[in-house]
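# Examining the three-dimensional arrangement
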Amino acid sequence: DVSSPKHGKVDPDNMPHVGGNTWAGGTGGRDTAGLGGKGGPYRLDAGHRVYQVSQAEKDAVPEEVKRAAREMGEKAFKQRLKEIQMSEYDASTYERFSGAVRRQVQSLRTILDNLQ
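Residues numbered from 1 in each chain as written. Predicted model: local features only at pLDDT ≥ 70, side-chain atom pairs only at ≥ 80, totals over all residues. Heavy atoms only, no water.

## Side note on the side chain of threonine 32
Note the threshold: Put simply, DSSP marks the helices as runs of H or I at least four residues long and the strands as runs of E at least two long, and each gets a number from the N terminus on. Between buried and exposed lies partly exposed: a residue is buried under 20% and exposed over 50% of the maximum accessible area for its type, with that area taken using a 1.4 Å probe on protein chains only. Only heavy atoms enter the contact rule, under which two residues are in contact if any of them lie within 4.5 Å.
Secondary-structure assignment places threonine 32 in the loop between strand 1 (26-27) and strand 2 (34-35). Exposure remark for threonine 32: the relative accessible area of 13% places this residue in the buried category. Setting aside residues up to four positions removed in sequence, threonine 32 forms contacts with Lys6, His7, Gly8, Asn21, Thr22, Trp23, Gly40 and Pro41.

In structure tokens, the structure reads:
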């Protein structure tokens, strides 16, 4: 069961963590920032294979946990914007322009990776 959202511990060795309720950047777990889990405050990719919990499990997260996770994610987003000296308007403008070329940039990255 989910209890309350949190960032989670950072693994200094960046080992893959699947499931559980401990590690930031894990996959398929609960309450912590990561990918494929449920109840975490925001997505955090540590570069590992993603294990996804079912949509039914995600839908079963209590509304107060979802609300707390959204608030924590919003707070982290605003803090990050402050760190990089960007306003919310700047972020939305960046996202608009970035989104328009996202597929092309990904294709170019794939081509460059293959050339290396």
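Let's pick the thread back up.
## A word on the domain arrangement of the protein chain
For interface size, the figure often reported is the accessible area lost on association. Going by this rule: Note: domain ranges come from an automatic or database domain assignment. A 1.4 Å probe defines the accessible area here, and the buried area is the portion of it lost by two parts on being joined, summed over both. Within this document, salt bridges are pairs made up of a side-chain nitrogen of Lys or Arg and a carboxyl oxygen of Asp or Glu, the two lying within 4 Å of each other.
Segmentation of the protein chain into domains returns domain 1 (1-85) and domain 2 (86-115). Its C-alpha centre places domain 1 at a distance of 23 Å from the equivalent point of domain 2. Facing the six residues of domain 1 at the interface are four residues of domain 2. Buried surface at the junction of domain 1 and domain 2, summed over both partners, amounts to about 380 Å²; 63% is from carbon and sulfur atoms. A per-residue breakdown of the area domain 1 buries against domain 2 is headed by Lys78, Leu81 and Gln85, which together make up 72% of the total. Taken together, the connections running from domain 1 to domain 2 amount to one salt bridge.

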